[in-house]
Amino acid sequence: MRPWPLLFMLALAGCQTVPATLPMAEPPPAAACRWPAAAEPPGEILRRAVVALEDDGFLIRHTATAPALVSAERTRILPGYGSRYDDWERHGVFGGIGLGGGSGGIGGGVMIGFGGVGSLTRDATQLERVSLLVSGSEVRVSRDLQIIDWRGELVETRSASTAAFCSDLHRAMRAGSAP
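Residues numbered from 1 in each chain as written. Predicted model: local features only at pLDDT ≥ 70, side-chain atom pairs only at ≥ 80, totals over all residues. Heavy atoms only, no water.

Caption draft 1: View of the state of the cysteines. Summed over the entire model, instances satisfying the criterion amount to one disulfide. Covalently, C33 is tied to C166 through a disulfide, its sulfur atoms 2.0 Å apart. For the disulfide bridge between C33 and C166, the dihedral angle about the S-S bond is near 85°, and by the sign convention the bridge is right-handed. One end of the pair, C33, is in the loop between helix 1 (4–13) and strand 1 (34–36); the other, C166, is in helix 3 (residues 163–175), and 133 residues separate them in sequence. (Disulfide = S-S within 2.5 Å. Helix = DSSP H or I, 4+ residues; strand = E, 2+ residues; numbered from the N terminus.)

Dropping the structure here:
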């Protein structure tokens with residue numbers, strides 16, 4: 001029995017390693033997405049967050065009191081987004097118009113056809129998710145955006161924990177109105 005196959009397999013197994021770091025949000029969350037919880041109980045912070053998010057059009061998906069957490073999402077249609085990567089699908093708003101030959105020979109004629117309706121029926125959907133966590137004496141907000149094309153395929157995803165969004169949410173929670 002030759003040891004070469006066993007040594008080869010052991011050498012290949014040694015090539016598999018774990019990553020040195022865990023994945024991180026790109027871009028990282030803004031500093032405004034963390035603020036002190038003050039003296040308010042976590043339940044009151046959650047109540048204010050739910051009201052502010054619902055007033056801004058979010059649908060609350062989950063709440064928990066231990067740990068104090070609220071998760072929400074909203075969707076919107078992106079008219080005209082179409083598929084940015086597949087040129088053959090881009091027909092514009094009114095679709096493509098084609099002119100071609102018929103079957104040829106006797107009785108062959110001109111065929112006029114209209115392409116698909118393009119982005120009128122192939123709009124993408126933007127899914128926006130927000131999570132708010134009260135951890136100890138700190139409130140943390142996380143927000144991400146996903147764009148899903150008309151076929152249901154994920155086209156784009158990114159972190160969207162911006163200073164503007166988090167500041168508006170914090171202000172709305174303090175005032176009791178929509179961000």
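Okay, back to it.
Caption draft 2: Quick peek at the side chain of S71. Positionally, S71 belongs in strand 3 (residues 68–78). On the basis of relative accessibility, which here comes to 17%, the residue S71 falls in the buried class. (Buried < 20%, exposed > 50% of the residue type's maximum accessible area, 1.4 Å probe, protein only.)

Caption draft 3: Inspection of the pattern of salt bridges at higher detail. Scanning the entire structure with this criterion turns up 14 salt bridges. In this structure, R34 engages E138 in a salt bridge whose closest nitrogen and oxygen atoms are separated by 3.4 Å. Separated by 104 residues along the polypeptide, R34 in strand 1 and E138 in strand 7 (residues 138–148) bring together distant segments of the chain. Owing to a relative accessible area of 47%, R34 belongs among the partly exposed residues under this scheme. Judged by relative accessible area, which is 27%, E138 ranks as partly exposed. It is possible to trace a salt-bridge network through shared partners that takes in E40, E44, R47 and R48. (Salt bridge = Lys/Arg side-chain N within 4 Å of Asp/Glu carboxyl O.)

Caption draft 4: Focus on the packing of aromatic side chains. Inspection of every chain in the model, using the stated rule, returns one aromatic pair. Taking 6.3 Å as the distance between ring centres and 65° as the angle between the ring planes, the aromatic pair formed by F58 and F165 counts as edge-to-face. Taken together, the residues span a long stretch of sequence, with F58 in the loop between helix 2 (42–55) and strand 2 (59–65) and F165 in helix 3 at a distance of 107 residues. Summarising the burial analysis for this pair, F58 and F165 share the class buried. The ring of F165 carries R143 above its face, with NZ or CZ at 4.3 Å from the centroid. (Phe/Tyr/Trp six-rings, centres within 6.5 Å; stacked < 30°, edge-to-face > 60°. Lys NZ or Arg CZ within 6 Å of the ring centre and 35° of its normal.)

Caption draft 5: Structural context of helix 2. End to end, helix 2 covers 20 Å across 14 residues, agreeing with the expected 20 Å (1.5 Å per residue, within 8%). Buried residues in helix 2 make contact with strand 2, strand 3, strand 6 (124–135), strand 7 and helix 3. (Expected span 1.5 Å × (residues − 1). Contact = heavy atoms within 4.5 Å.)

Caption draft 6: Representation of the environment of S161. In this structure, S161 sits in the loop between strand 8 (154–159) and helix 3. Assessed through its relative accessible area of 6%, S161 is described here as buried. Separated by 20 residues in sequence, S161 and V141 place their C-alpha atoms 7.2 Å apart. Engagement of the side chain of S161 in a polar contact is seen with the backbone nitrogen of R143, the distance being 2.9 Å. (Polar contact = N/O pair within 3.5 Å; in protein donor to acceptor, adjacent residues only side chain to side chain.)

Caption draft 7: Looking closely at the packing of helix 2 against helix 3. One can describe the packing of helix 2 onto helix 3 by two numbers: an axis separation of 9 Å at closest approach and a directional angle of 110°. Considered as vectors, helix 2 and helix 3 are oriented roughly perpendicular to each other. Handedness of the helix 2/helix 3 crossing: right-handed. Here I45, R48, A49, A52 and L53 of helix 2 lie close against helix 3, whose contacting residues are L169, A172, M173 and R174. Here the contact of helix 2 with helix 3 is built from residues that sort into seven nonpolar, no polar and two charged. (Axes fitted to C-alpha atoms, helices over the stretch in contact; angles between N-to-C directions. Parallel < 35°, antiparallel > 145°, perpendicular 65-115°, else oblique. Left-handed = near helix turned anticlockwise from the far one by under 90°. Nonpolar A, V, L, I, M, F, W, Y, C, P; charged D, E, K, R; others polar.)

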